[in-house]
Amino acid sequence: MLARMTGMRLERLRADHADAVLAFERANREYFARSVPDRGDAYFAGFAARHAALLAEQDAGTCHFHLVLDGSGALLGRVNLVDVEHGEAELGYRIGERAAGRGVATAAVLEVCRLAAAGYGLSALTARTTSDNAASMAVLRRTGFTVLGETVIGDRPGVRYRRGLTG
Ligand SMILES: CC(C)(COP(=O)(O)OP(=O)(O)OC[C@H]1O[C@@H](n2cnc3c(N)ncnc32)[C@H](O)[C@@H]1OP(=O)(O)O)[C@@H](O)C(=O)NCCC(=O)NCCS
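## Side note on the environment of Ala107
Here is step 1 of the chain: Counting through the fold element by element, Ala107 comes out in helix H5 (residues 104–118).
Here is step 2 of the chain: Residue Ala107 is classed as buried on the basis of its relative accessible area, which comes to 13%.

This is the structure we're talking about:
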């Protein structure tokens, strides 16, 4: 299955990605809201300022944001590392409906793990998902994350994960 995603690549978030990211979030708003909290109208209304704020955080080194692109440069999803501290960061991702179920998230997470170690010098990643997000739990399991324990996300039960990046 991963072979089908050979053309996938990550691109570090830039200012000129704004239009593509906004279009992606609009197109997938209802789809994402089925499994993660909706971003809310304010996100879309204030998108330009938020995009600039993300880039400022990235420049400060506390986050690393990436687009997941296919071989022709179409935006398939996003994979992000936030709260960089003490050599660790929290992983987050979302793959658009058009590309669902083709191993894109799995390939993107494996690639960001490689980049986190080799490019950003991180030694571990953490992640969290709600317990009813079977696809996300499958992605984390298949990419080498292990369960740390239970948590609460919003008002829903969730699971905490961790993956070392050495070796
Ligand atoms: C979760 C998400 C990233 C998965 O993306 P994806 O590219 O479809 O993931 P992959 O194809 O790499 O792998 C998904 C796996 O979950 C499985 N899966 C998908 N839906 C499932 C479901 N409802 N129940 C059980 N397993 C499911 C798939 O079968 C696949 O496993 P398999 O290849 O062994 O069959 C995507 O659905 C998404 O962005 N959802 C909305 C946002 C979100 O939930 N983000 C994560 C927050 S923690």
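## Topic: unusual backbone geometry
Here is step 1 of the chain: A positive phi is found at Asp83, a non-glycine position, where the angle reads about 55°.
Here is step 2 of the chain: Looking at where Asp83 falls in the secondary structure, it is placed in strand E3 (residues 75–85).
Here is step 3 of the chain: Judged by relative accessible area, Asp83 falls into the exposed class, the value being 59%.
Here is step 4 of the chain: Backbone geometry at His86 places phi at a positive 50°, although glycine is not the residue there.
Here is step 5 of the chain: Within the fold, His86 resides in the loop between E3 and strand E4 (88–95).
Here is step 6 of the chain: Since its relative accessible area comes to 75%, His86 is described here as exposed.

## A word on helix H4 (residues 47–60)
Here is step 1 of the chain: The terminal C-alpha atoms of H4, which comprises 14 residues, lie 20 Å apart, in line with the 20 Å expected from a rise of 1.5 Å per residue.
Here is step 2 of the chain: By the burial criterion, the buried members of H4 are Phe47, His51, Leu54, Leu55 and Gln58. Along H4, the residues classed as buried sweep out an arc of 95° about the axis, all on the same side. When the buried face of H4 is taken as reference, the exposed residues oriented beyond 90 degrees from it are Ala49, Asp59 and Ala60.
Here is step 3 of the chain: Of the residues flanking the end of H4, it is Gly61, one or two places downstream, whose phi is positive at about 90°.

## A short note on the site of the ligand
Here is step 1 of the chain: Taken together, 24 residues lie around the ligand, and Ile95, Gly103, Thr106, Asn133 and Arg142 are the ones closest in.
Here is step 2 of the chain: Backbone polar atom of Ala105 to an oxygen atom of the ligand: 3.0 Å apart, as the coordinates give it.
Here is step 3 of the chain: Separating an oxygen atom of the ligand from a side-chain N or O atom of Thr106 is a distance of 2.7 Å.
Here is step 4 of the chain: Protein coverage of the free-state accessible area of the ligand, which is 960 Å², stands at 68%.

## A closer look at the sheet that holds strand E7 (residues 156–164)
Here is step 1 of the chain: Spatially, E1-E2-E3-E4-E5-E7-E6 is the arrangement adopted by the seven strands of the open sheet, whose pairing is mixed. The sheet is open, and its two edges are formed by strand E1 (9–12) and strand E6 (146–153), each paired on a single side. Within the sheet, the average angular offset between the axes of one strand and its neighbour, ignoring direction, is 30°.
Here is step 2 of the chain: Here four bridges tie E1 to strand E2 (residues 64–69), and the two strands are oriented antiparallel to one another. Bridge pairing in E2 links Leu10 to Val68.
Here is step 3 of the chain: On top of the sheet, helix H6 (residues 134–142) reaches E4, strand E5 (124–130) and E7; it is set at about 160° to E5, its chief contact.

Here is what the cut-offs are and how they apply
- Residues numbered from 1 in each chain as written.
- Predicted model: local features only at pLDDT ≥ 70, side-chain atom pairs only at ≥ 80, totals over all residues.
- Heavy atoms only, no water.
- Helix = DSSP H or I, 4+ residues; strand = E, 2+ residues; numbered from the N terminus.
- Buried < 20%, exposed > 50% of the residue type's maximum accessible area, 1.4 Å probe, protein only.
- Expected span 1.5 Å × (residues − 1).
- Arc of directions from axis to C-beta.
- Near = heavy atom within 4 Å.
- Polar contact = N/O pair within 3.5 Å; in protein donor to acceptor, adjacent residues only side chain to side chain.
- Areas by Shrake-Rupley, 256 points an atom, 1.4 Å probe, with all protein chains shown as cover.
- Pairing = 2+ DSSP bridges.
- Axes fitted to C-alpha atoms, helices over the stretch in contact; angles between N-to-C directions.
- Contact = heavy atoms within 4.5 Å.

Nothing here speaks to function; it is geometry throughout.
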